[in-house]
Amino acid sequence: MRAFLSATILSIISTATAQKVGTLQAEAPLSLAWSKCVSGGTCTTQAGKVVLDAEWRWLHYWQPSYDNCYGPGGWNYVYCPPNNPPLCAQNCALEGAGYSSTYGVTTSGNSITLRYVTQGSSGSSIGSRVFMLSATDNTKYEIWKLLNKELTFDVDASNLPCGVKGSLYFVEMDADGGKAKYSPNLAGAKYGTGYCDAKCNKNLWINGEANVIGWSAPVDPNYVPYYGSCCGEVDLFEGNQYASAFSAHPCTVSGQTRCHTGSDCSEPDSASGVCDADGCDWNSYRLGATSFYGLSKTVDTSKKFTVVTQFITSDGTDNGQLVEIKRFYLQNGVVIQNNSPAIASIPNTNKSIKDSFCSAQKTVFGETDYFAYKGGLTSVGNSLKRGGVLVFGITDDQDRNLQWLDGVWPQDQDPSVPGVKRGSCDASSGDVNETRASRPNASVTFSNVRIGAIGSTTSPSTSAATTTTTTTTKTVTVTTTTTTTNGALQTQWGQCSGPSWT
């Protein structure tokens, strides 16, 4: 989401590798504790910090008058002339962030809250995205290795309406934000550079160059950035009060890779890109379990709940092949097993993401299996073995109103057809102008992030401490009713809101 301020214009800069650093506001990342756990349930607190994605920061001319280098009308052609990326990098500087006052990001202990709309002194900022920095080095991101591990966190989505989602996920960014690879980069991870994902996000800065190729000065409303930034992605939570999904996205490339729009950039429902933009997703509502997730449902989103994701390997080691991504929840002292699919032809014994589940779901929903074409869980596992960066975010969707997650998608198809109805939100919900006006105070809170050996983050201890406590829990198994499909229908877009998701 590009957030523009009336006087302080925020630009999109993800791999700003030739980027200067501004001096008007010192960068001060926010503290956010997380925990490492070992078998038996002993967890040790890590003194982490989060840094704002460069995409949300002010990009300005590096000398007084500090004019914007990018604004609502596009690039400032004085400093960033069309088809001259090096000159733009030479002229422009990336500024420090006012986390709470400008972007609505606050932390306390092991908790982070992201606000939807923040009204600052110079205008409104929409949404935010932050990355976890290394606990020992603020110039690098923390690299998480998830194979043969479980990742657990608490989430409060009770203040997220239809059309707005909170996200927690991992992408295979460079640890230093591309600072060494694309020298001379003066910003790097300390300023949130280097973003990439399986949608090949079309940032305005890629690999240290301004993405100005093909742009017509001074204003081009039809401008589409020429490059994208691609890498492997695993989404552990994308959701609001009414729907949620977790998903895996394989790529045929290793690490952050620049692509060319119309050639090798990934697009939903397309085989041409280097990544599977749609991915293989688990959305309980879409799978027919309409009473599983939501207000006053099995996982009750009116209150905080705990999400546990396990990454199972073929040989039970950190070097094995990824074969399964398992999910369960905890709430009010109860262990809630993941739902079974309630749609014919998808075996109801499936409760996790496996290659066999992904193929069955794609067939029943009439979608081409690009997940398999891009390498499936083997490719996803190879990315996780190299390691990923933890991302927290909140955003809306001005192109598809988030209907792909919580409503009806594609909207020209019958909602009664299996796979079309994604959540309980109305098909007319999610218009960004309406949600920004009526629900500016929407927010999501993530807390108590912990990683460790399988079973170590939830039993016997769920606390971020060096001592252990015993937790008594009950287990809930969800029974669902199967819906019969009348045949496969091709969906236009899959996971993550389509090609313009940013």
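Here the residue index of a chain counts from 1 through its sequence in written order. Note on the predicted model: pLDDT of at least 70 is required for a residue's local features to be given, and 80 or more for side-chain atom pairs to be given and counted; whole-chain, interface and lining totals, by contrast, use all residues. Based on all heavy atoms of the structure, the side-chain values leave hydrogens and waters out of the count.

Visitor: Any chance you could break down the nonpolar core for me, citing the residues and the numbers?
Guide: Residue types Ala, Val, Leu, Ile, Met, Phe, Trp, Tyr and Cys, when buried and joined through side-chain atoms within 4.5 Å, form a set referred to as a nonpolar core. The classification of residues rests on relative accessible area computed with a 1.4 Å probe and restricted to protein chains. Under 20% of the type maximum is buried, over 50% is exposed, and intermediate values are partly exposed. Judged by nonpolar contacts, the single largest core of 80 residues is most densely connected at Ile-112, Trp-144, Leu-151, Phe-153, Ile-353, Phe-392 and Phe-446. Per element, the largest residue contribution to this core is five residues, and it comes from strand 30 (residues 389-395). Those residues within four positions of Leu-151 in sequence are excluded, and the remaining contacts are Trp-144, Leu-146, Phe-170, Leu-236, Val-307, Val-308, Thr-309, Val-449, Arg-450 and Ile-451. Listed in part, the 16 residues of the second largest apolar core include Tyr-61, Tyr-70, Cys-80 and Trp-215. A run of DSSP states H or I qualifies as a helix once it reaches four residues; a run of E qualifies as a strand once it reaches two. Both are numbered from the N-terminal end. Note on contacts: a residue pair is in contact if any heavy atoms of the two residues lie within 4.5 Å.

Visitor: Report on helix 3 (residues 355-364), specifying residues and quantitative values.
Guide: Buried residues of helix 3: Phe-357, Cys-358, Ala-360, Gln-361, Lys-362 and Val-364, and no others. Looking one or two residues past helix 3, Gly-366 carries a phi angle of roughly 75°, positive in sign.

Visitor: Which residues make up the sheet that holds strand 5 (residues 49-52), and what values go with them?
Guide: In a beta sheet, neighbouring strands are held together by backbone hydrogen bonds and run either parallel or antiparallel to one another. Read across the sheet, eight strands follow the order 2-5-14-30-16-20-21-23 without closing on themselves; strand pairing throughout is antiparallel. Since the sheet does not close on itself, it has two edges, and those belong to strand 2 (30-31) and strand 23 (280-282), each with one partner. Strand pairing is assigned whenever DSSP detects at least two bridges linking the two strands.

Visitor: Could you give me a rundown of the pairing of strand 21 (residues 244-249), with the residues and numbers involved?
Guide: Counting buried positions over the six residues of strand 21 gives six, a clear majority of the element. Remark: four residues form the turn of the hairpin made by strand 20 (residues 233-239) and strand 21, two consecutive strands paired antiparallel. Pairing analysis gives three bridges linking strand 21 to strand 23, with the strands arranged antiparallel. Across the sheet, residue Ala-248 finds its bridge partner in strand 23, namely Cys-280.

Visitor: Please provide a residue-by-residue account of the state of the cysteines, values included.
Guide: Any cysteine sulfur atom paired with another within 2.5 Å is treated as part of a disulfide. According to the stated counting rule, one finds nine disulfides in the structure shown. Paired through a disulfide, Cys-80 and Cys-88 show a sulfur-sulfur distance of 2.0 Å. Handedness here is read from the sign of the S-S torsion; for Cys-80 and Cys-88, about 60°, the answer is right-handed. The exposure classification of Cys-80 matches that of Cys-88, with both residues buried. A disulfide bridge connects Cys-251 with Cys-275, and the sulfur atoms are separated by 2.0 Å. Handedness here is read from the sign of the S-S torsion; for Cys-251 and Cys-275, about 105°, the answer is right-handed.

Visitor: Outline helix 5 (residues 376-386), supporting the account with residue identities and numerical values.
Guide: Along helix 5, the positions that sit buried rather than exposed are Gly-376, Leu-377, Ser-379, Val-380, Gly-381, Ser-383 and Leu-384. Immediately downstream of helix 5, the backbone of Gly-387 shows phi near 110°, a positive value.

Visitor: Any details on the confidence of the model for the protein chain? Residues and values, ideally.
Guide: Within a predicted model, pLDDT stands for the predictor's per-residue confidence, ranging from 0 to 100. Per-residue confidence for the protein chain averages 87 on the pLDDT scale, and 86% of its residues sit at or above 70. This stretch, residues 1-17, has a pLDDT under 50; its non-local contacts, to residues over four places away or in other chains, come to 93 contacts. A low-confidence stretch, residues 461-473 stays under pLDDT 50, and its non-local contacts, those more than four residues away or across chains, total 32 contacts.

Visitor: Pulling in residues and values, what's your account of the sheet that holds strand 9 (residues 92-94)?
Guide: Ordered by their spatial adjacency, three strands build an open sheet running 1-9-6, and the pairing between neighbours is mixed. Each edge of the open sheet is held by one strand with a lone partner, namely strand 1 (20-21) and strand 6 (59-61). Inspection of the sheet shows strand 6 paired to strand 9 by three bridges, in the antiparallel sense. Its bridge partner being in strand 9, Tyr-61 is matched across the sheet by Cys-92.

Visitor: If you had to explain the pattern of salt bridges to someone new, which residues and values would you point to?
Guide: Any Lys or Arg side-chain nitrogen located within 4 Å of an Asp or Glu carboxyl oxygen qualifies as a salt bridge. The full count for this structure, using the stated rule, is 14 salt bridges. Across the pair Lys-165 and Glu-238 runs a salt bridge whose closest N-O atoms are separated by 3.0 Å. Placement of the pair is Lys-165 in strand 16 (residues 165-171) and Glu-238 in strand 20, with a sequence separation of 73 residues. Judged by relative accessible area, which is 1%, Glu-238 ranks as buried. Of the charged contacts in the structure, one is a salt bridge between Glu-209 and Arg-258, with a shortest N-O distance of 3.2 Å. Separated by 49 residues along the polypeptide, Glu-209 in strand 18 (residues 209-210) and Arg-258 in strand 22 (residues 257-260) bring together distant segments of the chain.

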